Amino acid sequence: MSKRILIFDTTLRDGEQSPGASLNIKEKILIAEQLSKLGVDIIEAGFPVASPGDFEAVRQIARQIEGPVICGLARAVDKDIDCCWEAVKYANKPRIHTFIATSDIHRDEKLRKSKEEVIVSAVHAVKRARSYCDDVEFSPEDAGRTSVDYMCDVVRAVIEAGATTINIPDTVGYTEPEEFAGRIRTLFEKVPEARNVVISVHCHNDLGNAVANSLAAVNAGATQVECCVNGIGERAGNASLEEIVMNLKTRNDYFQADTGINTRELYKTSRLVSRLTGLEIARNKAIVGRNAFAHEAGIHQHGVLQSRATYEIMNAEDVGWYGENIVIGKHSGKHAVLSLLEEEGYILDNEQSLRVTEKVKALADKNKSVERDDVLAIAMDILGELPEQEQHIKLEGFTVTTGSGMTPTASVKLNIDGEEKIGAGVGDGPIDALSKAVWQIIDPSVQLLEYNLKAITGGTDALADVSIKLQDANGRIFSGRAVHEDVIKAGAMAIISGLNRAMNASNGHTKG
Ligand code: KIV
Ligand code: ZN
């Protein structure tokens, strides 16, 4: 008989800790809604004590999202646990997830606590969390590098204190699949009480083993897997949700395990997360990369035409990918545009739908044919716009002069919270000159880290898609993005959108 594996999604917590992936509250709610449609069992919605923005996001998700358990993270300290409860208590099914590091290196260097002191803190934290909530998860952080005997002592103590889920994290992605599975088997042998709670795993991908380690742990008896959409997360990321789920589904004969995931929502969820976090998906990424179901070699194409099973172990439709079969032409209506966007996981309100359709039509009038990627870029641009009250900086105008044998010069007019400011600059190229002009006006401690320009489709009239990354004085990273026919204007708008995000974060509107 198949066993049921719980999918614990931490895209909004560990995933959001990916550098440059900060999401605002509205974006987090959109992702949480989609995760609920996808059928995840638990959503880890954030780390409420980390910032007022995080607290508010967890609180709103707890209030609005029905279905999955809504979980918040808390260190094993009273302040965190109390704050976490205040945020998750509105959920139908709330959970507090508390953790403390147990490896020698973390205890000695970070916590400066003895083994006994760590157990006392862990037990106290679990009891405090249980005083609020029946569903309490505990993680011995850096379990992958903790002596197995001591890890078992900690787990025994927290189960006795009332933890209902025990999560074993490979925090730094250090372990190998057989070794990690062995740790889970030993846990069941040495702590028989572990059979009365849910044993979960949480693997990071530093050595590229996150999915393999999680699946090995499932074979060893774990029944909850923590993962992120597209495998995003701290450093090299967490185990990828779609890879875990499709391994369990495709190789059910091997794992004899099922999830509650509606796999047809995977592709859409993946696109939504990529678009909102600004973290692109490699074309060859398993399950959700654009090439995952494409066949280039003649011999493969021939085989697939005879029988798909020759080279395809999964159906593209099973992950919600229906091919690039909608072509948008001059006469395509709103319906064609919206059904393409729906397929790609874009959720638009009426006004946004109207604006996307108008822009697509305007482009079609100029360009004759508009490609799928043009439509996606336009929608992404409109959806990525900050609400009016968060647009402190607005681009009022700019000029750029360049030419052979001339130093590019630029001037820019910005409106910052109602005040008009003008800057000028010279640079190595037109964009460099323009950014120097912007930086003559704005906070110099914010730096431009990355500037990426992509032509959406071929041709000299292609839309320009610019994405940038900025870093503020506290090392926080912010992304900005803009799409326009004018490549220089797209650059200026992307920089301004990043600056607005940085400004909102320092005003406490969003998290860095
Ligand atoms: O990687 C880790 O150890 C974590 C814990 C908080 C579970 O994210
Ligand atoms: Zn983690």
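Remember, predicted model here, so these are calculated numbers, not experimental data. (Residues numbered from 1 in each chain as written. Chains lettered and ligands numbered in written order. Predicted model: local features only at pLDDT ≥ 70, side-chain atom pairs only at ≥ 80, totals over all residues. Heavy atoms only, no water.)

Some details on the domain arrangement of the chain
Domain boundaries in the chain define domain 1 (3-277), domain 2 (293-320), domain 3 (327-383) and domain 4 (388-506). Computed over C-alpha atoms, the centres of domain 1 and domain 2 are 35 Å apart. Taken residue by residue, the interface counts seven residues in domain 1 and six residues in domain 2. Taking both sides of the interface into account, the surface hidden between domain 1 and domain 2 amounts to around 570 Å²; carbon and sulfur atoms contribute 58%. Remark: the boundary between domain 1 and domain 2 carries one salt bridge. The shortest N-O distance in the salt bridge between R264 and D318 comes to 3.5 Å. At the boundary of domain 1 and domain 2, one finds three residue pairs in polar contact (both at pLDDT 80 or more). At the level of elements, α9 (241-250) and α11 (266-277) are the ones that each hand at least two residues to the side of domain 1 that touches domain 2. Broken down by element, the side of domain 1 that touches domain 2 gets its largest block of residues, three residues, from α9. In the side of domain 1 that touches domain 2, the residues fall into three nonpolar, two polar and two charged. (Domains from an automatic or database assignment. Contact = heavy atoms within 4.5 Å. Buried area = accessible area lost by both parts, 1.4 Å probe. Salt bridge = Lys/Arg side-chain N within 4 Å of Asp/Glu carboxyl O. Polar contact = N/O pair within 3.5 Å; in protein donor to acceptor, adjacent residues only side chain to side chain. Helix = DSSP H or I, 4+ residues; strand = E, 2+ residues; numbered from the N terminus. Nonpolar A, V, L, I, M, F, W, Y, C, P; charged D, E, K, R; others polar.)

Structural notes on the coordination of the zinc ion (ligand 2)
The zinc ion (ligand 2) binds to the protein through D14 (OD), H202 (NE2) and H204 (NE2), with metal-donor distances spanning 2.0 to 2.1 Å. In terms of primary sequence, the donors binding the zinc ion (ligand 2) are separated according to D-x187-H-x1-H. Taken together, the residues span a long stretch of sequence, with D14 in the loop between β2 (6-9) and α1 (25-38) and H204 in the loop between β8 (198-203) and α8 (210-219) at a distance of 190 residues. (Donors = N, O, S within 2.8 Å, 3.2 Å for Na, K, Ca; no water.)

With respect to the state of the cysteines
In this structure the tally under the stated criterion is zero disulfides. With no disulfide of its own, C152 lies 16 Å from the sulfur of C203, the closest cysteine sulfur. According to the relative accessible area criterion, C152 is buried, its value standing at 1%. (Disulfide = S-S within 2.5 Å. Buried < 20%, exposed > 50% of the residue type's maximum accessible area, 1.4 Å probe, protein only.)

Focus: the layout of surface pockets
Put simply, the largest pocket is a space of about 840 Å³. Of all elements in the fold, only α11, α15 (372-383), β13 (393-401), β16 (447-455), β17 (464-471), β18 (477-484) and α17 (487-506) reach the threshold of two or more residues within the lining of the largest pocket. Take the lining of the largest pocket: its biggest share by element is six residues, from α17. For the lining of the largest pocket, a count of residues per class yields twelve nonpolar, twelve polar and 14 charged. (1 Å grid on protein atoms, 1.4 Å probe; cavity = no way out; pocket = protein on both sides within 12 Å on 5 of 7 lines; lining within 4 Å. Points joined across faces, edges and corners; volume = space filled by probe spheres on them.)

Re helix α13 (residues 334-343)
Taken as a whole, α13 has its buried residues at V337, L340, L341 and E343. When α13 is viewed along its axis, its buried side chains cluster within an angular range of 160° and face the same direction. (Arc of directions from axis to C-beta.)

What to know about the site of ligand 1
Neighbouring ligand 1 are the residues R13, D14, H97, F99, S139, E141, N167, P169, T171, H202 and H204. Between ligand 1 and D14, the relevant distance is 3.0 Å, taken from an oxygen atom to a side-chain nitrogen or oxygen of the residue. Between ligand 1 and T171 there is a distance of 2.6 Å, counted from an oxygen atom to a side-chain nitrogen or oxygen. Coverage of ligand 1 by the protein chains reaches 94% of its 260 Å² of free accessible surface. Elements represented by at least two residues in the shell around ligand 1 include exactly β5 (94-101), β6 (136-141) and β7 (165-170). Residues that form the shell around ligand 1 fall into these classes: two nonpolar, six polar and three charged. (Near = heavy atom within 4 Å. Areas by Shrake-Rupley, 256 points an atom, 1.4 Å probe, with all protein chains shown as cover.)

Comments concerning the sheet that holds β17
Pairing between sheet strands relies on hydrogen bonds along the backbone, with the strands arranged either parallel or antiparallel. Read across the sheet, three strands follow the order β16-β17-β18 without closing on themselves; strand pairing throughout is antiparallel. Across the chains shown, the open sheet's two edge strands, defined by having one partner strand only, are β16 and β18. Within the sheet, the average angular offset between the axes of one strand and its neighbour, ignoring direction, is 15°. Across eight bridges, the pairing between β16 and β17 is antiparallel. (Pairing = 2+ DSSP bridges. Axes fitted to C-alpha atoms, helices over the stretch in contact; angles between N-to-C directions.)

A closer look at the pairing of β2
Taken together, the four bridges between β2 and strand β9 (residues 224-227) define a ladder with parallel strand orientation. Within the sheet, the bridge partner assigned to L6 lies in β9 and is Q224. As paired strands, β2 and strand β3 (residues 42-46) are joined by two bridges and run parallel to one another. Bridge assignment links D9 to a residue of β3, and that residue is I43.

Comments concerning the sheet that holds β2
The eight strands are arranged β2-β3-β4-β5-β6-β7-β8-β9 in a closed barrel whose pairing can be described as parallel. Across the sheet, the mean angle from the axis of one strand to that of its neighbour is 25°, orientation sign disregarded. Across the sheet, helix α3 (residues 78-88) is in contact with β4 (69-75) and β5; its angle to β4 comes to roughly 160°. In the packing of α8 onto the sheet, the strands contacted are β7, β8 and β9, and the crossing angle to β8 comes to about 165°.

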